[in-house]
Amino acid sequence: SRANIGVVGLAVMGSNLARNLAGRPGNTVAIYNRSADKTHHLATAHPEAEFVTADTVEEFAQSLSTPRTAIIMVQAGPATDQVISQLADVFEPGDIIVDGGNAHFTDTIRREAELAARGLNFVGAGISGGEEGALNGPSIMPGGSAEAWNTLGPILESIAAVADGEPCVTHVGTDGAGHFVKMIHNGIEYADMQLIAEAYDLLRHAAGLSPQEIADVFRQWNTGVLESYLIDITAEVLGHVDATTGSPLVDVIVDQAGSKGTGVWTVQSAVGLGVPVTGIAEAVFARAISSSGASRRAGGGLPGPTPTDGKSGSAIGDAQGFIDMVEQALYASKIVAYSQGFDAISEAASEYNWSIDRGEIARIWRAGCIIRAQFLDRITEAYREQPELPLLLAAPYFHSALDDAQTPWRKVIQAGVETGIATPAFSSSLAYYDQIRRERLPACLIQGQRDFFGAHTYKRVDAEGAFHTDWSADRSESRVD
Ligand code: NDP
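As the structure is a prediction and not an experimental result, all values here were calculated from the model. (Residues numbered from 1 in each chain as written. Predicted model: local features only at pLDDT ≥ 70, side-chain atom pairs only at ≥ 80, totals over all residues. Heavy atoms only, no water.)

1. Some details on the pairing of strand E1 (residues 5-8)
Quick note on the threshold: Buried residues are those whose accessible area, probed at 1.4 Å on protein chains only, stays under 20% of the maximum for their type, while exposed residues exceed 50% and partly exposed ones sit between those limits. Helix and strand labels come from DSSP, where a helix needs a run of H or I of at least four residues and a strand needs a run of E of at least two; each type is numbered from the N terminus. In this description, strands pair whenever DSSP reports at least two bridges between them. Place the viewer so that the strands point away; then a crossover is right-handed whenever the path from the first strand over the helix to the second strand goes clockwise.
Across the two faces of E1 the burial is the same, with Ile5 and Val7 and Gly6 and Val8 all buried. Across four bridges, E1 lies against strand E2 (residues 29-32) in parallel orientation. Across the sheet, the residue bridging to Ile5 is Val29, located in E2. You can see the chain leave E1, run along helix H1 (residues 12-22) and come back into E2, and the turn it takes is right-handed. In this structure, E1 lies alongside strand E4 (residues 69-72), joined through three bridges in parallel fashion. Bridging across to E4, Gly6 finds its partner in Ala70.

2. Looking at the site of the ligand
Our working definition: A cutoff of 4 Å decides nearness: a residue is near a molecule or strand if any of its heavy atoms lies inside that distance of it. Each residue receives one of three labels: charged for Asp, Glu, Lys and Arg, nonpolar for Ala, Val, Leu, Ile, Met, Phe, Trp, Tyr, Cys and Pro, and polar for the others, Gly being one of them.
The full set close to the ligand counts 20 residues, and Asn33, Ser35, Lys38, Val74 and Gln82 are the nearest of them. Elements supplying a minimum of two residues to the shell around the ligand: H1 and helix H4 (78-90). Looking at the shell around the ligand element by element, the count peaks at three residues for H4. In terms of residue class, the shell around the ligand is built from 10 nonpolar, eight polar and two charged.

3. Examining the packing of aromatic side chains
This is how it is decided: Only Phe, Tyr and Trp rings are paired, with Trp represented by its six-membered ring, and only when their centres lie within 6.5 Å; those with planes under 30 degrees apart are stacked, over 60 edge-to-face, the remainder tilted. The rule for a charge over a ring is simple: NZ of Lys or CZ of Arg within 6 Å of the ring centre, and within 35 degrees of the ring normal.
Scanning the model with the defined rule gives 15 aromatic pairs in all. Considering the side-chain rings of Phe180 and Trp354, the 5.6 Å spacing of their centres and the 50° angle between planes classify their relative orientation as tilted. Within this pair, whereas Phe180 is found in helix H8 (residues 177-205), its partner Trp354 is found in the loop between helix H15 (319-352) and helix H16 (358-364), the two being separated by 174 residues in sequence. With respect to class, Phe180 is no different from Trp354; both count as buried. The interplanar angle of 75° and the centroid separation of 5.9 Å between the aromatic rings of Tyr331 and Phe375 together place this pair among those described as edge-to-face. Of the two residues, Tyr331 sits in helix H15 while Phe375 sits in the loop between H16 and helix H17 (376-385), which places them 44 residues apart along the sequence. Using a relative accessible area of 5% as the deciding quantity, one classes Tyr331 as buried. Connected via pairs of aromatic rings, a cluster forms that spans Tyr331, Tyr338, Phe375, Tyr397 and Phe398. In this structure, Arg287 is placed above the aromatic ring of Tyr190, and the distance from its NZ or CZ to the ring centre is 3.8 Å.

4. Observations regarding the sheet that holds strand E11 (residues 463-469)
Strands pair in a sheet through their backbones, by hydrogen bonds, and they do so in one of two ways: parallel or antiparallel. Spelled out, the test is: Whenever a helix is involved, its axis is fitted only over the stretch in contact; in every case the axis is a line through C-alpha atoms, and angles between N-to-C directions fall within 0 to 180 degrees.
As summarised here, the arrangement of the three strands in space is E10-E11-E12, forming an open sheet in which the pairing is antiparallel. In the strand order of this sheet, the two ends are held by strand E10 (458-460) and strand E12 (477-479), each with one partner. The average angle at which neighbouring strand axes cross in this sheet is 45°, direction not considered.

5. Concerning unusual backbone geometry
Residues Thr66 and Pro67 are joined by a peptide bond in cis, for which omega reads -5°. Positive phi, close to 50°, is recorded for Asp164, a residue that is not glycine. Following the sequence through the fold, Asp164 ends up in the loop between strand E8 (162-163) and strand E9 (166-167). Despite not being glycine, Asp175 has its phi angle at roughly 25°, a positive value. Mapped onto the fold, Asp175 is located in the loop between E9 and H8.

6. Quick word on helix H9 (residues 211-221)
Note the following rule: Directions pointing from the helix axis toward each C-beta atom define the arc. Throughout, a contact is declared for two residues whenever any of their heavy atoms are within 4.5 Å.
Along H9, the residues that are buried comprise Pro211, Ile214, Ala215, Val217, Phe218 and Trp221. Burial along H9 is one-sided: seen end-on, the buried residues are contained in an arc of 160°. Where H9 is buried, its residues contact H8, helix H10 (229-239), helix H11 (249-252) and H15.

7. Section: the pairing of E4
Side-chain alternation along E4 places Thr69 and Ile71 on one buried face and Ala70 and Ile72 on a second face that is also buried. As judged from the four bridges shared by E4 and strand E5 (residues 96-99), these two strands associate in the parallel manner. Paired with Thr69 across the two strands is Ile96, which belongs to E5.

8. As for the sheet that holds strand E6 (residues 121-128)
Reading across the sheet, the seven strands line up as E3-E2-E1-E4-E5-E6-E7 and stay open at both edges, with mixed pairing between neighbours. Of all strands in the sheet, those with a lone pairing partner are strand E3 (52-53) and strand E7 (139-142), marking the two edges.

9. Describing the packing of helix H12 (residues 262-273) against helix H13 (residues 278-291)
For clarity, the cut-off: Angular relationships are summarised with four words: roughly parallel below 35 degrees, roughly antiparallel beyond 145, roughly perpendicular across 65 to 115, and oblique for the angles in between. We call a crossing left-handed when the near helix sits turned anticlockwise from the far one by less than a right angle, and right-handed when that turn is clockwise.
Closest axis-to-axis distance for the H12/H13 pair is 9 Å, and the angle between their directions is 135°. Here H13 runs oblique to H12, going by the angle between their axes. Crossing hand, H12 versus H13: left-handed. Here H12 contributes Gly263, Val264, Thr266 and Val267 to the contact with H13, which in turn contributes Ile280, Ala281 and Val284.

Take a look at the structure:
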């Protein structure tokens, strides 16, 4: 038993994670893959890693010191269940099985309970950062028991990305908490990308800027409050010229967005929890609209203003003024999307009995993952100052940022409405904002309607209890509780 950590599943993610682990002092890494050729190929290609190879799951178990710790990186779903079951048969009580794949958090809750009944520790760990992150330092979101974290923590800390000298990993919470938080990370990533795409659309088709000019705008933005990985890569993509046609690459890419499903999971879970994640939902729906070929073809001739082609001038007088307003609108909408994501985390924590430190979540997203951004420092600070903060938007820093952004946010959305450029994520973020700050909402009328057709009752602002109006007779009111 020479290895202190093992990796099962040696496709891109597993191989890179195994190499990352092997490169850290103190680690000896056992590797195992269903098809043994991948195991030997990895060991041969990277002799410096000094991997301990195993051809069978039994050999793999024997090569690990106890308590055994193994990270699974295989396809999510049935494949993960098969691998867990094989490891559970050869592991012993106290050993730790980590699933680093993109599991649904409810599968993780189920698996943790099943393995706990057999005395095994199961940890669902969200790992973000793609292939490059896995190799050089991902952001890691582990759930599972505190006991498992004691053994696993130092190993994960050794391979995680580092921000301000701190590793981007923390014990998120018990059982499925880690995979839930990873799912919300991906949902926020959808919202962030959609907001950036809307900003591009406005600059291109309302302000009439070229992709090269917009790339420069994004480079400029990346030195301010919006500084982030996604803004950075957006500038790279917009600045890239297609070698075949000489056109900006963005003009030859088919405008139908794909997805692997974690955005849908986020929205489904949030709907179940009753948390409005409107920014994420609009982002998921916008991808669906982009890919709805037949509807888009049928909708093609519908009346309305036609956005400029982005080559023949501008619908906006003061281009630089507009660019600055779009920056503010993007920032304000982004604050709303993150606030909503953190609301989903709070609600799930209370539903599933997880103790989640939201400041720690923002902290571990500062490096290694796709949504890494300067702005996460502000979120960490907000939760450190006020751990029970009920609404991220209302923290003093964000309150003030939203105050500054008011006029530009509204004007940019107006410009979209007038020019026929849809801004679903900008607009839904503002709609959420205007509802959450409103003293009275028209929900009073909805309660009246519900009482009318279904006797669902309503509460009064001036009295305790539930009331019903006898709508079909004399319209007298009675207290019904
Ligand atoms: P894949 O998701 O493509 O999975 C391939 C691996 O799964 C191979 O090692 C394969 O073994 C193994 N496998 C599949 N079915 C079985 C089975 N029934 N029994 C045993 N092993 C099986 O690999 P990736 O590296 O892309 O991703 C691994 C995990 O990490 C996934 O859950 C993914 O969602 C997640 N992830 C991926 C990211 C990415 O950027 N790709 C980012 C973050 C997470 P064999 O070689 O024998 O076929």
